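Coordinates in review
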Amino acid sequence: MGGKQDRNEAYGKPAKYDPSFRGPIRNRSCTDVICCVLFLLFILGYIVVGIVAWVYGDPRQVLYPRNSTGAYCGVGPNKDKPYLLYFNIFSCVLTANVITVAENGLQCPTPQPVIQSLQQELCPGFLLPSTPALGRCVPFLNSTPPELPGISSNTSISQGISGLFDILNARDISVKIFEDFAQSWYWILTALGVALVLSLLFILLLRLVAGPLVLVLILGVLGVLAYGIYHCWEEYRVLRDEGASITQLGITTNLSAYRNVQETWLAALIVLAVLEGILLLMLIFLRQRIRIAIALLEEASKAVGHMMSTLFYPLVTFVLLLICIVYWAMTALYLATSGQPQYVLWAPNASLPSCGKVQMNTSCNPMAQPVNSSCPGLRCIFQSYSSTGLVQRSLFNLQIYVVLALFWTVNWVLALGQCVLAGAFASFYWAFQKPQDIPTFPLSSAFIRTLRYHTGSLAFGALILTLVQMARVILEYIDNKLRGSQNPMARCIMCCFKCCLWCLEKFIKFLNRNAYIMIAVYGKNFCVSAKNAFMLLMRNIVRVVVLDKVTDLLLLFGKLLVVGGVGVLSFFFFTGRIQGLGRHFENPALNYYWLPIMVSILGAYVIASGFFSVFGMCVDTLFLCFLEDLERNDGSADRPYYMSKTLLKILSKKNEALPGHKKRKK
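Per-chain numbering applies: the sequence of each chain, read as written, is numbered from 1 onward. Reporting in this predicted model follows two pLDDT cut-offs: at least 70 for local features of residues, and 80 or more for side-chain atom pairs to be given and counted; totals over whole chains, interfaces and linings ignore these cut-offs and use all residues. The side-chain quantities take in all heavy atoms of the structure and omit both hydrogens and water.

The name given to the protein in an unreviewed UniProt entry is Choline transporter-like protein, with Canis lupus familiaris as the source organism. UniProt positions are given in the numbering used here, feature names are shortened, and annotations may be inferred rather than shown by experiment. Under the UniProt heading Sequence similarities (unreviewed entry), the entry covering the protein gives this text: "Belongs to the CTL (choline transporter-like) family."

1. Description of the packing of helix H2 (residues 33–56) against helix H11 (residues 313–336)
Here an angle of 0 to 180 degrees is reported between the N-to-C directions of two axes, which are lines fitted to C-alpha atoms, with helices fitted over the stretch in contact. Secondary structure counts use DSSP, requiring at least four H or I residues in a row for a helix and at least two E residues in a row for a strand, with both numbered from the N terminus. Contact geometry for H2 and H11: axes closest at 8 Å, N-to-C directions at 45 degrees. Comparing their axes, H11 and H2 come out oblique. Of the two elements, H2 crosses H11, and the hand of that crossing is left-handed. Taking contact as the criterion, the partners of Tyr 46, Ile 47, Val 49, Gly 50, Ala 53 and Trp 54 in H2 are, on H11, Cys 324, Tyr 327, Trp 328, Thr 331, Tyr 334 and Leu 335. Amino acids outside the nonpolar list (Ala, Val, Leu, Ile, Met, Phe, Trp, Tyr, Cys, Pro) and the charged list (Asp, Glu, Lys, Arg) are all regarded as polar, and Gly is one of them. Of the residues in the contact of H2 with H11, the class split is ten nonpolar, two polar and no charged. Roughly parallel means an angle under 35 degrees; roughly antiparallel means over 145; roughly perpendicular covers 65 to 115; every other angle is labelled oblique. Handedness of a crossing follows from how the near helix is turned relative to the far one, being left-handed for an anticlockwise turn of less than a right angle and right-handed for a clockwise one. Working rule for contacts: check all heavy atoms of both residues, and any pair within 4.5 Å makes them a contact.

2. Points about the pattern of salt bridges
Each reported salt bridge corresponds to a side-chain nitrogen of Lys or Arg within 4 Å of a carboxyl oxygen of Asp or Glu. Scanning the entire structure with this criterion turns up ten salt bridges. Note that Asp 479 is salt-bridged to Lys 498, the shortest N-O span being 3.1 Å. Of this pair, Asp 479 sits in helix H15 (residues 455–481) while Lys 498 is found in helix H16 (residues 488–522), placing the two residues 19 residues apart along the sequence. Arg 539 is the partner of Glu 631 in a salt bridge, and the nearest nitrogen-oxygen pair spans 3.0 Å. With Glu 631 in helix H19 (residues 594–632) and Arg 539 in the loop between helix H17 (526–538) and helix H18 (541–574), this pair connects stretches of sequence that are 92 residues apart. Accessibility assignment for this pair places Glu 631 and Arg 539 in one class, buried. Residue exposure (1.4 Å probe, protein chains only): buried if accessible area is under 20% of the type maximum, exposed if over 50%, otherwise partly exposed.

3. Some details on the packing of aromatic side chains
Stacked, tilted and edge-to-face are the three classes assigned to paired rings of Phe, Tyr and Trp, where Trp is represented by its six-membered ring and a pair needs centres within 6.5 Å; plane angles under 30 degrees give stacked, over 60 edge-to-face, the rest tilted. Counted by the stated rule, this structure contains 19 aromatic pairs. Aromatic pair Phe 39 and Trp 408: ring centres 5.0 Å apart, planes at 65 degrees, arrangement edge-to-face. Taken as a pair, Phe 39 in helix H2 and Trp 408 in helix H13 (residues 395–429) lie far apart in primary sequence, 369 residues in all. Where Tyr 429 meets Trp 430, the ring centres are 5.2 Å apart and the plane angle is 80 degrees; that geometry is what we call edge-to-face. Owing to a relative accessible area of 3%, Tyr 429 belongs among the buried residues under this scheme. In textbook terms, an aromatic cluster arises when at least three aromatic residues are bridged by ring pairs, as seen for Phe 39, Phe 42, Tyr 401, Trp 408 and Trp 412.

4. Regarding the environment of Lys 13
Positionally, Lys 13 belongs in the loop between helix H1 (2–9) and H2. The class for Lys 13 is exposed, based on a relative accessible area of 67%. Remark: the alpha-carbon pair of Lys 13 and Glu 631, spanning 618 residues in sequence, is separated by 9.6 Å.

5. Quick notes on the side chain of Thr 331
Relative to the helices and strands, Thr 331 is located in helix H11. Among residues more than four places away in sequence, those in contact with Thr 331 are Val 49, Gly 50, Ala 53 and Val 402.

6. A short note on the nonpolar core
Nonpolar side chains in soluble globular proteins tend to end up buried together. We define a nonpolar core as any set of buried Ala, Val, Leu, Ile, Met, Phe, Trp, Tyr and Cys residues linked to one another through side-chain atoms lying within 4.5 Å. Phe 615, Phe 626 and Met 643 are the most contacted members of the largest nonpolar core, which totals 118 residues. Excluding residues that lie within four positions of it along the chain, Met 643 makes contacts with Tyr 429, Phe 626, Asp 629, Leu 630, Leu 648 and Leu 651. Counting residues in each nonpolar core, the second largest holds five residues, with Trp 187, Phe 573, Phe 574 and Ile 597 among its members.

7. Examining unusual backbone geometry
In the Ramachandran plot, Phe 441 falls in the positive-phi region, its phi being about 50 degrees despite a non-glycine side chain. Tracing the sequence through the fold places Phe 441 in the loop between H13 and helix H14 (442–453). Judged by relative accessible area, which is 62%, Phe 441 ranks as exposed. If you check the backbone angles, Ser 652 has positive phi at about 55 degrees while not being a glycine.

8. What to know about the state of the cysteines
Cysteine sulfur atoms are paired as a disulfide whenever they come within 2.5 Å of each other. On inspection of all chains with the given rule, the structure shows zero disulfides. We note that Cys 30 lacks a disulfide partner, and the nearest cysteine sulfur, in Cys 36, lies 7.3 Å from it. Given a relative accessible area of 47%, Cys 30 falls into the partly exposed group.

9. Some words on helix H9 (residues 262–285)
The terminal C-alpha atoms of H9 lie 35 Å apart, and with 24 residues this matches the ideal 34 Å at 1.5 Å per residue to within 8%. Within H9, the full set of buried residues consists of Gln 262, Trp 265, Leu 269, Leu 272, Glu 276 and Leu 279. How far a helix is expected to stretch is found by multiplying one less than its residue total by 1.5 Å.

10. A few points about the confidence of the model for the protein
For the protein, the average pLDDT comes to 77, and 71% of its residues sit at 70 or higher. Note on residues 148–157: pLDDT is under 50 here. Beyond four places in sequence and across chains, it has ten contacts. Scored below 50 in pLDDT, residues 659–666 shows 14 contacts in the model against residues more than four places distant or in partner chains. Every residue is assigned a pLDDT by the predictor, reflecting its confidence on a scale from 0 to 100.

11. Side note on H17
With 13 residues, H17 ought to run about 18 Å at 1.5 Å a step, and its terminal C-alpha atoms sit 18 Å apart, in line with that. If you check which residues of H17 are buried, you get Phe 526, Ser 529, Ala 530, Ala 533, Leu 536 and Leu 537. Relative to the axis of H17, the buried residues are bounded by an arc of 135 degrees and lie together on one face. Packed against the buried residues of H17 are H15, H16, H18 and H19. Capping the start of H17 is the job of one residue whose side-chain oxygen sits 3.2 Å from the backbone nitrogen of Cys 527: Asn 525. What the arc covers is the set of directions going from the helix axis to the C-beta atoms. Polar contacts, as counted here, are pairs of nitrogen or oxygen atoms within 3.5 Å of one another; within protein the pair requires one atom able to donate a hydrogen and one able to accept it, and residues that are adjacent in sequence qualify only if both atoms are side-chain atoms.

Next up, the structure:
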């Protein structure tokens, strides 16, 4: 007993009773003011960068096609000429020195304005039936590529031409997909409505079925492990009788070959048996804590039922995230197009002796096409955007700035949502008489309170997480650049670094989440709140692990139920297997029935994740409040427990008679 007490004191002393504490502190002050000022200055700089990008940028460079002279199609003097025609679209696949789509958009080294004659290769040598796509004339579906002189049907160039036509003919698929969406969008919305109702019902019904459902899920996991043990034993027995051993196989890179040796199945059997034994021991020795976890899940369901508006708060988070992402995308687009286009000389056969006198890749004027009869196909083509000027010279730094701003603002919005929901659910737990003592409009009160006092604390936590995420991005970039030249040892070291940063990010997210709960309840700064939350959880580490796993198992089942139900329903409806619903409920005629099914499944997953994220935040908040309640109070008339009667019964605790306690105001 003394050893356990010493271990608990190593993580701080239990919270002391505070007679003035009645739930989320209302008389609080601003926290982490310095970080708040830095965050606001950073946002102000972000706005300035956006304005600079808007002034110097020209998104027409990527939104509109442009001919060889640099003139835009569809705007200005070419307003009545919206489409770009490639005189020889096969130059996109016939040349190795082609400017890639990824770098400069759909640019091919073909002469585009009709200025000179066919002999000078400035007019199209052939015409194909075409159709506009992204402002460019591309060969129409089923059009046949012409026979080009000197090109055999067996060459890789011919294969490239065929591949080009396959890509261009994919436009027909996009048209069919658009038609399917036009025919089925209202049924997709109906499926999403079903997902919303199922998610809501699952959360609200947990107060009635949480216990039996958790028991069924645990027994199901035990059953799956037991079947796995049986299957591994059968495979091992058969291979053992056949004498198939790893000594006969040796070491091979063909991993599937290890399925046919007895040692593989023996190892799998041992692992599953160990997991089965651990789970059984947990059920035996941790049954009390599992009951507490179930009771907290039931209490969380009641809290959500009393504050239904919290279920729709993810919509606010979604709108704020959308604003952050759209602003970043527009700023990045304008920054990327802030330079002036540069043109250089290029020829498809620059290695010919006749082109030796022409210095390739030198700047040129696209308005005056170079004419050199000795070098066939000489062109003045677009190369890149200029890097001169203050904005252009600082372009890389500005791009880093906007990426950092994206991560920081997104993490701040997510932190805001967690802190607001924590404040609302904490007010539910610390209401002694429920629902009478629950404050009016708890969600809006928590939102205003968080913005007014704790913007800096949220920015502090978001900044720590952002720095780790930026480090992961930089590491991924380095790994991608050096992937071809790395030796096995370097790849192993890089993998270890990536794994460590991934674990660090997960830990910081966990710490931030609990810190925001403590901020919402007590109004302390980020560091103090993170420390108190961590110490409180470490003093109750076994309860933390049990509740976390039980909650994860339950929410996983809920997601599978919602997504699987919507997926099965969508499959039977869109494939026409549901009959007899009447003329108004007939399935639409579709080109690809799997498309609305996949969209419905994806939308159902997003909706279920939004609802269950609120429920998960509710469980975590109530759990921390429950631990604080245990340490602060003892059930006496002056220090009553705020937990539910179910939790009191599980812990064999009770509150003394409190005749005047009901009149106590929060």
